[in-house]
Amino acid sequence: MVHSSLTPNGKRPLVIAGPCSAESREQLLETCERLARTGMVDLLRAGLWKPRTRPDSFEGVGDRGLEWLREARERTGLPVVTEVASSRHVEGVLHHGLDGIWIGARTTVNPFLVQEIAEAVAGSRLQVLIKNPMHPDVELWAGAVERFLKVGVPITRLALVHRGFSTSNHWPYRNDPMWHLAFDMRRRFPSLPLICDPSHIAGDRALLLEVAQRAANLNFDGLIIESHRSPDEALSDARQQITPETLSRLLQSVSWPSQCSLDAEYLRTLAACRSEIDQLDAEIFDLLSRRMKVADRIGRVKRENDVMILQSDRWAEVVKRIVARSSELRLSEHFLRTVLDAIHNESIEHQGEVMRNE
Ligand code: PEP
Ligand code: MN
């Protein structure tokens, strides 16, 4: 159950929107006022200090944008958040009476910075959105949450933002969603709102809707989406930004399934499917256990005949044979390879164990 001061009346989805970067007072205010007019935005976002990969890119307007954010807040009546990467940034945010901060993916990777920011936030009323780290390391993401909790920031002021991960397997998106990692965090912190960032996952406005709908189907609590008064002219992340009016249409076309239903037919089908899955899972692991017993026997005969455990040609053939059935099985090649890898590792462990013990 999610209990957060970001979603006081349990509104779903919570919508955070605003430009990737504040570029000028006019650009920020116009964008925010148009967003507020849609009536669908709960929180405004804009980056002032932009962590950019290359030093010759636009690095944000810095401190002078704080005043513009305060003005956007005043004109729209909406709370405003910005990215911070140091305690100095937090001081600026507090000094200008803004409502919250987000920790960017390039900062979540750095425990020194997260600690420094957590200490600067402690005792204030700031909301804190914690983005996942750049690379798929859930421990770092969880560690960042724990750093805020440890300095006494109440859990009701925290939220998670899932913005995808930098991997070699991200196509067609800018970042690989690796949805299961967001669920790992939900399992660890069930009361934290889980907000999806389709802009940084997709990296392309044409793919925003499918990512947002996916997040809705997966029971996320909200969306953070970049919006700019004229997206093609944006100084950062132009390809993924949309106008406030396009955002409003996008939000209207995403359907949010209700979290639960009391419909009797639905409940019966759900219970039947779940019990079938439980049964199948039990069979899968019984089969795996039988398979490993065969691996033990192989280990024994290899030992008796003084043969090496690892015979890579044979394994390459097994993988090839199974992967060739990918479309017939309706299981992705990536999934088949991952499972086969795990089976192979366990099998080698078993054979090694047999060789050591006998
Ligand atoms: C951003 O939200 O503009 C941003 C820089 O995000 P991330 O840290 O997810 O790359
Ligand atoms: Mn951005």
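Below is a summary of the structure that appears in this document. (Residues numbered from 1 in each chain as written. Chains lettered and ligands numbered in written order. Predicted model: local features only at pLDDT ≥ 70, side-chain atom pairs only at ≥ 80, totals over all residues. Heavy atoms only, no water.)

1. Structural notes on a nonpolar patch on the surface
On the surface, Leu329, Leu331, Phe335 and Val339 cluster together into a nonpolar patch covering about 280 Å² of accessible area. Tracing the chain through its elements places Leu331 in the loop between α13 (326-329) and α14 (333-357). When its relative accessible area of 33% is taken as the criterion, Leu331 is described as partly exposed. (Patch = residues over 30% accessible without salt bridge, like charges linked within 9 Å, V, L, I, M, F, W, Y side chains within 5 Å. Areas by Shrake-Rupley, 256 points an atom, 1.4 Å probe, with all protein chains shown as cover. Salt bridge = Lys/Arg side-chain N within 4 Å of Asp/Glu carboxyl O. Helix = DSSP H or I, 4+ residues; strand = E, 2+ residues; numbered from the N terminus. Buried < 20%, exposed > 50% of the residue type's maximum accessible area, 1.4 Å probe, protein only.)

2. Here we look at the nonpolar core
Counting 69 residues, the largest nonpolar core has Ile101, Val121 and Phe148 as its most contacted members. It is helix α6 (residues 138-150) that contributes the most residues to this core, six residues altogether. Excluding anything up to four places from it in sequence, Ile101 contacts Val81, Thr82, Val84, Val93, Ile117, Val121, Leu126, Gln127, Val128 and Leu129. Grouped together as the second largest cluster of nonpolar side chains are 11 residues, Leu6, Ile16, Val161 and Ile195 included. (Core = buried A, V, L, I, M, F, W, Y, C linked by side-chain atoms within 4.5 Å. Contact = heavy atoms within 4.5 Å.)

3. Examining the side chain of Glu83
As for its position among the elements, Glu83 is in strand β3 (residues 80-84). One buried charged residue, Glu83, remains without a salt bridge, the closest side chain of opposite sign being Lys50 at 4.6 Å. The contact partners of Glu83, leaving out residues within four places of it in the chain, are Ala46, Trp49, Pro51, Trp102, Gly104 and Thr107. (Lys, Arg positive; Asp, Glu negative; His and termini not counted.)

4. Considerations on the site of ligand 1
The local shell around ligand 1 consists of Cys20, Arg45, Lys50, Glu83, Trp102, Gly104, Ala105, Arg106, Lys131, Arg163, His200 and Glu226. Contact between ligand 1 and Arg163: an oxygen atom at 2.6 Å from a side-chain N or O atom of the residue. Measuring from an oxygen atom of ligand 1, one finds a side-chain N or O atom of Glu226 at 3.2 Å. When isolated, ligand 1 has an accessible area of 290 Å², and the protein chains bury 97% of it. Along the lines of polarity and charge, the residues of the shell around ligand 1 split into three nonpolar, two polar and seven charged. (Near = heavy atom within 4 Å. Polar contact = N/O pair within 3.5 Å; in protein donor to acceptor, adjacent residues only side chain to side chain. Nonpolar A, V, L, I, M, F, W, Y, C, P; charged D, E, K, R; others polar.)

5. Topic: the packing of aromatic side chains
Taken as a whole and judged by the stated rule, the model has three aromatic pairs. The interplanar angle of 75° and the centroid separation of 6.4 Å between the aromatic rings of Trp141 and Phe165 together place this pair among those described as edge-to-face. Taken together, the residues Trp141 in helix α6 and Phe165 in the loop between β6 (158-162) and α7 (179-188) connect sequence positions 24 residues apart. A residue is classified by how much of its surface remains accessible, and Trp141, at 0% relative accessible area, is buried. Measuring from centroid to centroid gives 5.6 Å for Trp179 and Phe220, while their planes differ by 80°, and the two rings are edge-to-face. Here the residue Trp179 occupies a position in helix α7, and Phe220 occupies one in the loop between α9 (208-217) and β8 (222-226), the gap between them amounting to 41 residues. Assigned by exposure class, Trp179 and Phe220 land together as buried. Feature note: the residues Trp179, Phe183 and Phe220 constitute an aromatic cluster, connected by ring pairs. (Phe/Tyr/Trp six-rings, centres within 6.5 Å; stacked < 30°, edge-to-face > 60°.)

6. A look at the packing of helix α1 (residues 25-38) against helix α10 (residues 244-253)
Describing two packed helices takes the angle between their axes plus the distance from one axis to the other. Where α1 contacts α10, the two axes come as close as 9 Å, and the packing angle between them is 30°. Looking at the two axes, α1 sits roughly parallel to α10. Classified by chirality, the crossing of α10 by α1 is right-handed. Of α10, the residues touching α1 (which contributes Thr31, Arg34, Leu35 and Thr38) are Pro244, Glu245, Leu247 and Ser248. (Axes fitted to C-alpha atoms, helices over the stretch in contact; angles between N-to-C directions. Parallel < 35°, antiparallel > 145°, perpendicular 65-115°, else oblique. Left-handed = near helix turned anticlockwise from the far one by under 90°.)

7. Some words on the coordination of the manganese ion (ligand 2)
Cys20 (SG), His200 (NE2), Glu226 (OE) and Asp237 (OD) make up the full set of protein donors to the manganese ion (ligand 2), lying at 2.1 to 2.4 Å. Considered as a linear motif, the donors of the manganese ion (ligand 2) on their single chain read C-x179-H-x25-E-x10-D. Taken together, the residues Cys20 in the loop between β1 (14-18) and α1 and Asp237 in the loop between β8 and α10 connect sequence positions 217 residues apart. (Donors = N, O, S within 2.8 Å, 3.2 Å for Na, K, Ca; no water.)

8. Description of the sheet that holds β6
Read around the closed barrel, eight strands run β1-β2-β3-β4-β5-β6-β7-β8, paired in parallel fashion. Each adjacent strand pair in this sheet contributes to an overall mean axis angle of 30°, direction not counted. Inspection of the sheet shows strand β4 (residues 100-103) paired to strand β5 (residues 127-131) by four bridges, in the parallel sense. Residue pairing for β5: Trp102 is matched across the bridge by Leu129. The strands touched by α6 are β4, β5 and β6; relative to β6, the strand with the most contacts, the crossing angle is about 165°. (Pairing = 2+ DSSP bridges.)

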